[in-house]
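# Structural characterization, general
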Amino acid sequence: MNFLVTGGAGFIGSAVCRHLCANPAYRVTNLDKLTYAGNLASLRPIENADNYSFAQADICDERAVLDLLRRHDIDIVMNLAAESHVDRSIDGPGAFIETNIVGTYKILNAALEYWRGLSEDRKSRFRFHHVSTDEVFGDLSFDGGMFVEETPYAPSSPYSASKAASDHLVRAWHETYGLPVVLSNCSNNYGPYHFPEKLIPLVILNALDEKPLPVYGAGANVRDWLFVEDHARALELVATKGQPGESYNVGGNSERTNLAVVETICDLLDTRRPRAGGRRYRELISFVTDRPGHDRRYAIDATKISRELGWTPRENFDSGLARTVDWFLDNEWWWGPIREQRYAGERLGEARKVGA
């Protein structure tokens, strides 16, 4: 089975590539533009594998995508190429519109042309898997309730709005043109090779550098956390066994406040890399002005993917976070150049509403 993984040099995409390449029956082509968050070092474990290849391209280049589909005889497209950081979408939404909306439109067109040229048997086996986020559903109150596949969309940020638009395009290409698509919406991912602008790696690395650990507002915002390797397993199941036209929510069943996440990281580092003088890492926590449009809570109901595809997460939050902290302690070769050359931990997304 031949896969095209777009955005395969990113955090989740690289985890998917590493996971798929462990199966010798799969051949994986990784298409990535290599923007600031794309990092081929994340593919080092598989870069010389016989069933892996890399192509630098932009999903907005429809002809380049179509050429890859034909050249590698692709059976399944897994579209993970996206701008994904909320704070960056506040500072510069244009890149999110271009990649997440226009890019999805372009790759859908390429996939449709390719699919129409397949034999009837290959047509029936082809899948276009679009990977999205729980943020398209908007905001949940603190008093219960979870996102299900039928939850109405209500995005709050330029990022989540662009992902919502891309989801709608994918569904439209299925309903209008018959393209066999599947969708998945996931909760917050974490784990090895996570670009350090996101909360968990940022806190780990700032703590090691003895820098302040920024927490928005009072740290009361709640997220459901999903270990990235569990997510990669779920995505394989959706892509290979999901029903065309269906969507599947993927969550870790691990809700935590942002403050609790930061405090847990501090406590893990206290035992693994103690600070000088017996000080605790919690002393570095710094509460900062909240970002605009900050959703209060996300929570995923993953009953459908469990019932229909047999997926459940293997890691709980405590075990997954411990694995993540240990990985960052052991792999400065990966994150050191990023902190020095691409992103040193500065705050992003401080734009305010017009008139505020």
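Figured I'd write up the structure that's included with this text. (Residues numbered from 1 in each chain as written. Predicted model: local features only at pLDDT ≥ 70, side-chain atom pairs only at ≥ 80, totals over all residues. Heavy atoms only, no water.)

All right, on to the sheet that holds strand 7 (residues 188–190) then. Taken in spatial order, the three strands line up as 7-9-11 in an open sheet, and their pairing is mixed. The open sheet terminates on both sides in strands that have one partner only, identified here as strand 7 and strand 11 (255–257). On average, each strand axis in the sheet is inclined to that of its neighbour by 50°, with strand direction left out of account. Judged from the three bridges that link them, strand 7 and strand 9 (residues 222–227) form a sheet pairing that is parallel. Pairing of asparagine 188 across the sheet is with tryptophan 225, part of strand 9. The strands touched by helix 9 (residues 258–272) within the sheet are strand 9 and strand 11, with strand 11 carrying the most contacts at an inclination of about 85°. (Pairing = 2+ DSSP bridges. Helix = DSSP H or I, 4+ residues; strand = E, 2+ residues; numbered from the N terminus. Axes fitted to C-alpha atoms, helices over the stretch in contact; angles between N-to-C directions. Contact = heavy atoms within 4.5 Å.)

Here helix 8 (residues 228–241) is 14 residues long and its end C-alpha atoms lie 20 Å apart, about the 20 Å a rise of 1.5 Å per residue gives. Counting buried residues in helix 8 gives eleven out of 14 residues, a clear majority hidden from the surface. By the burial criterion, the buried members of helix 8 are Val228, Asp230, His231, Ala232, Arg233, Ala234, Leu235, Glu236, Leu237, Val238 and Ala239. (Expected span 1.5 Å × (residues − 1). Buried < 20%, exposed > 50% of the residue type's maximum accessible area, 1.4 Å probe, protein only.)

Turning next to the nonpolar core. Counting residues in hydrophobic clusters, the biggest one holds 33 residues, and the most contacted among them are Ile200, Leu213, Ile265 and Trp334. Contributing elements (two or more residues each) for this core: helix 7 (199–208), strand 8 (213–216), strand 9, helix 9, helix 11 (317–330) and helix 12 (332–341). (Core = buried A, V, L, I, M, F, W, Y, C linked by side-chain atoms within 4.5 Å.)

Time to look at the pattern of salt bridges. For the structure on display, the rule yields 25 salt bridges. The closest approach of N and O atoms between glutamate 210 and arginine 275, which form a salt bridge, is 2.7 Å. Linking glutamate 210 in the loop between helix 7 and strand 8 with arginine 275 in the loop between helix 9 and strand 12 (285–288), this pair joins segments that are 65 residues apart in sequence. Here the salt bridges do not stand alone but share partners, grouping Asp73, Asp75, Asp121, Arg122 and Arg125 into one network. (Salt bridge = Lys/Arg side-chain N within 4 Å of Asp/Glu carboxyl O.)

Bringing the packing of aromatic side chains into the picture now. With the rule as written, the count across this model stands at 18 aromatic pairs. Ring geometry for tyrosine 193 against tryptophan 334: centres 5.8 Å apart, planes inclined by 90°, an arrangement best described as edge-to-face. Of this pair, tyrosine 193 sits in the loop between strand 7 and helix 7 while tryptophan 334 is found in helix 12, placing the two residues 141 residues apart along the sequence. A single burial state applies to tyrosine 193 and to tryptophan 334, both of which are buried. Ring geometry for phenylalanine 328 and tryptophan 334: centres 6.4 Å apart, planes at 80°, overall edge-to-face. Taken together, the aromatic side chains of Phe137, Phe147, Tyr153 and Tyr298 make up a single cluster linked through ring pairs. Positioned above the aromatic ring of tyrosine 36, the side-chain terminus of arginine 88 is 3.9 Å from the ring centre. Directly above the aromatic system of tyrosine 281 lies the positively charged group of arginine 275, at a separation of 5.9 Å from the ring centroid. (Phe/Tyr/Trp six-rings, centres within 6.5 Å; stacked < 30°, edge-to-face > 60°. Lys NZ or Arg CZ within 6 Å of the ring centre and 35° of its normal.)

The next thing to look at is the environment of glycine 217. When you line up the elements, glycine 217 lands in the loop between strand 8 and strand 9. A residue is classified by how much of its surface remains accessible, and glycine 217, at 28% relative accessible area, is partly exposed. Measuring from C-alpha to C-alpha, the distance between glycine 217 and phenylalanine 317 comes to 23 Å, with 100 residues separating the pair along the chain. What glycine 217 contacts, discounting residues up to four positions off in sequence, is Phe287, Val288, Thr289 and Asp290.

Another point: helix 1 (residues 11–21). Helix 1 sits mainly inside the fold: nine of its eleven residues count as buried. Within the sequence span of helix 1, burial applies to Phe11, Gly13, Ser14, Ala15, Val16, Cys17, Arg18, Leu20 and Cys21.

Taken as a whole, the second largest pocket holds about 170 Å³ of empty space. Taken together, Ala15, Arg18, His19, Phe227, Glu229, Asp230, Ala232, Arg233, Arg314, Glu315 and Arg323 form the lining of the second largest pocket. Elements that contribute at least two residues to the lining of the second largest pocket include exactly helix 1 and helix 8. The element that contributes the greatest number of residues to the lining of the second largest pocket is helix 8, accounting for four residues. Grouping the amino acids of the lining of the second largest pocket by side-chain chemistry returns three nonpolar, one polar and seven charged. (1 Å grid on protein atoms, 1.4 Å probe; cavity = no way out; pocket = protein on both sides within 12 Å on 5 of 7 lines; lining within 4 Å. Points joined across faces, edges and corners; volume = space filled by probe spheres on them. Nonpolar A, V, L, I, M, F, W, Y, C, P; charged D, E, K, R; others polar.)

Now for the packing of helix 4 (residues 94–116) against helix 6 (residues 158–177). Where helix 4 contacts helix 6, the axes come no closer than 8 Å and their chain directions differ by 20°. By the angle between their axes, helix 4 is roughly parallel relative to helix 6. Relative to helix 6, the crossing made by helix 4 is right-handed. Seen from helix 4, the contacting residues are Phe96, Ile97, Asn100, Ile101, Thr104, Tyr105, Leu108, Asn109, Leu112, Trp115 and Arg116; seen from helix 6, they are Tyr159, Ser162, Lys163, Ala165, Ser166, Leu169, Val170, Trp173 and Tyr177. (Parallel < 35°, antiparallel > 145°, perpendicular 65-115°, else oblique. Left-handed = near helix turned anticlockwise from the far one by under 90°.)

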